[in-house]
Amino acid sequence: MNQPARKDLRPAGVISKKHQLPRLKYDHAALEPHIDSRTMKLHHDIHHGSYVDKLNAALEKFPDLRGSSALWLLCNLEKVPAEVRVAVHNNAGGHVNHSMFWRAMKPGAAGEPKGPKGPLREAIERNFGSVAQFQTRFEEAGAGLFGSGWVWLVRTPQDGGKLEVITTPGHDHPMMQDRFPLLLNDVWEHAYYLKYESRRPEYLKAWWSVVDWEEAARRFDLFNGSAEDLWEAEGGQVLATEKS
Ligand code: MN3
């Protein structure tokens, strides 16, 4: 049968398989004592796993959308049928954000100095005064977000990529508003409640011990100032299944 190449009919940044839960690059217990093993197991395996399952279920009846990346769906919700738009919004967002979140962290190495280096450090100092001032701003934004959501360090299209700290509600993602994420922390209660109970500020402070600044620097370099290209580059990153 001579059928046109399927991928030519699809938007760019597509995949042909079901959305999958990425594997962690480290053990559930690897971020102890800052993030406990039980929280990681529930958070990654159960919560993130259910976003992936629900996203696949929502797309079941819409084969034309099944090849699109989760980030593309999230940034093009107007192209998603109304009957599944809310489900795709919430679950594609949950999948994209958590996939990025696991990679934003790494086990702390004893004696290793923590903090950004190179051009990312210079940009943080230029935009916020110092790394410490940035961290305070990030913690305050995360602590101040009402209800469930995320706190982010982003590059904006202004001034060649000015840095900002922003928050998003639910599982909304900065690229829905043309901002490119470098670093993110999850402030949904499921991210910290088992260990920190209602002490969200304490969790936000402890979290710096497990930040992977090299990943943030990689994302800083990835930004090219063109909002149109961003989701495409990002989509490939988000969908790559982690190899452990
Ligand atoms: Mn979460």
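Residues numbered from 1 in each chain as written. Predicted model: local features only at pLDDT ≥ 70, side-chain atom pairs only at ≥ 80, totals over all residues.

Sorry, what's going on with the packing of helix 5 (residues 118–128) against helix 9 (residues 213–222) here?
Each packed pair of helices is defined by two parameters, the angle between the axes and the distance between the axes. Axis separation between helix 5 and helix 9 bottoms out at 8 Å; the angle between their running directions is 80°. The angle between helix 5 and helix 9 falls in the class roughly perpendicular. Where helix 5 abuts helix 9, its residues G118, P119, L120 and A123 lie against A216, A217 and F220. Tallied by class, residues from the contact of helix 5 with helix 9 come to six nonpolar, one polar and no charged. (Axes fitted to C-alpha atoms, helices over the stretch in contact; angles between N-to-C directions. Helix = DSSP H or I, 4+ residues; strand = E, 2+ residues; numbered from the N terminus. Parallel < 35°, antiparallel > 145°, perpendicular 65-115°, else oblique. Contact = placed C-beta atoms within 7 Å. Nonpolar A, V, L, I, M, F, W, Y, C, P; charged D, E, K, R; others polar.)

Help me understand the confidence of the model for the chain, please; the structure alone is not making it clear to me.
Overall, the predicted model of the chain reaches an average pLDDT of 86, with 83% of residues at or above 70. This stretch, residues 1–10, has a pLDDT under 50; its non-local contacts, to residues over four places away or in other chains, come to three contacts. Scored below 50 in pLDDT, residues 235–244 makes 23 contacts in the model with residues more than four places away or belonging to other chains. (pLDDT = per-residue confidence, 0-100.)

What is the right way to look at the nonpolar core in this model?
Residues L55 and L73 are the most contacted members of the largest nonpolar core, which totals 48 residues. Apart from residues no more than four positions distant in its own chain, L55 is found in contact with H19, A70, V88, N91, A92 and H95. (Core = buried A, V, L, I, M, F, W, Y, C linked by C-beta atoms within 7 Å. Buried ≥ 20, exposed ≤ 12 C-beta atoms within 10 Å, placed from the backbone.)

Mind showing me how you'd approach the sheet that holds strand 2 (residues 163–169) here?
Whenever strands of a sheet pair, they do so through backbone hydrogen bonds, lying parallel or antiparallel. A sheet is described by the order of its strands in space; here three strands give the open sequence 2-1-3, paired in antiparallel fashion. Lying at the two open borders of the sheet, with one neighbouring strand each, are strand 2 and strand 3 (180–186). Averaged over all pairs of adjacent strands, the angle between their axes in this sheet comes to 25°, without regard to strand direction. (Pairing = 2+ DSSP bridges.)

Quick question: what am I supposed to make of the pairing of strand 3 here?
In summary, the side chains of a regular strand alternate between the two faces of the sheet. In terms of burial, strand 3 is largely enclosed, as seven of its seven residues are buried. Here strand 1 (residues 149–155) pairs with strand 3 via six bridges, running antiparallel. Across the sheet, V151 pairs through a bridge with N185, a residue of strand 3.

How do you make sense of the environment of D27 when you look at a structure like this?
The topology assignment puts D27 in the segment before helix 1 (37–59). Overall, the presence of 13 C-beta atoms within 10 Å leaves D27 in the partly exposed class. Along the primary structure D27 and M40 are separated by 13 residues, whereas in three dimensions their C-alpha atoms are 8.9 Å apart.

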